Amino acid sequence: EERKRQEEAYQEWKARLSQGTQEVSGTITREEALKIVLERVEGATEQDVRMELEKDDGYWQYEGDIYYNQREYEFELNAETGEVLEWSEEGIDD
């Protein structure tokens, strides 16, 4: 059941990735956001990241997940400053 959910999430992520990237004036680029989150997960690459730029409570944020080495990392970044607002980690089998 959990594996199926993860596979569906991965396929959805791949579909979104093929749609191109969003950028908004006054925010850090997707590449800058990737660099910030990937610095926290040694060995992970861009292919391990699912991330979207969204407006939440009037502020732009990058929200997403990293699936790497049997771990799932969830994050939120302030898209204007690059500050990590939220970060969590758990084992995929937990």
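Keep in mind that what you see is a predicted model, and the values were worked out from it rather than measured.

K.L.:
Mind laying out the pattern of salt bridges, listing which residues take part and the relevant values?
P.N.:
The full count for this structure, using the stated rule, is two salt bridges. The shortest N-O distance in the salt bridge between Asp65 and Arg50 comes to 1.9 Å. With Asp65 in strand E2 (residues 59–68) and Arg50 in strand E1 (residues 49–56), this pair connects stretches of sequence that are 15 residues apart. Comparing Asp65 with Arg50 shows no difference in burial state: the two are buried.

K.L.:
Describe unusual backbone geometry, and please don't skip the residues or the numbers.
P.N.:
One non-glycine residue with positive phi stands out, namely Asp57, at about 55°. Looking at the secondary structure, you find Asp57 in the loop between E1 and E2. Its identity as a non-glycine residue notwithstanding, Asn69 has a phi of 55°, on the positive side. Position of Asn69 relative to the elements: it lies in the loop between E2 and strand E3 (71–78).

K.L.:
An account of the pairing of E1 is needed here, citing residue identities and associated values.
P.N.:
When E1 meets E2, the two strands line up antiparallel, connected through eight bridges. Looking at the pairing, Asp56 lines up with Tyr59 of E2. Here E1 folds back onto E2, and the loop between the two strands holds two residues, one of which, Asp57, carries a positive phi near 55°.

K.L.:
Go over the sheet that holds strand E4 (residues 84–91), please, and point to the residues and values.
P.N.:
The antiparallel open sheet is built from four strands, whose spatial order is E1-E2-E3-E4. In the strand order of this sheet, the two ends are held by E1 and E4, each with one partner. Averaged over all pairs of adjacent strands, the angle between their axes in this sheet comes to 15°, without regard to strand direction. Contacts from helix H2 (residues 30–38) reach E1, E2, E3 and E4 within the one sheet, and its direction differs from that of E1 by about 120°.

Cut-offs used in this document
- Residues numbered from 1 in each chain as written.
- Predicted model: local features only at pLDDT ≥ 70, side-chain atom pairs only at ≥ 80, totals over all residues.
- Heavy atoms only, no water.
- Salt bridge = Lys/Arg side-chain N within 4 Å of Asp/Glu carboxyl O.
- Helix = DSSP H or I, 4+ residues; strand = E, 2+ residues; numbered from the N terminus.
- Buried < 20%, exposed > 50% of the residue type's maximum accessible area, 1.4 Å probe, protein only.
- Pairing = 2+ DSSP bridges.
- Axes fitted to C-alpha atoms, helices over the stretch in contact; angles between N-to-C directions.
- Contact = heavy atoms within 4.5 Å.

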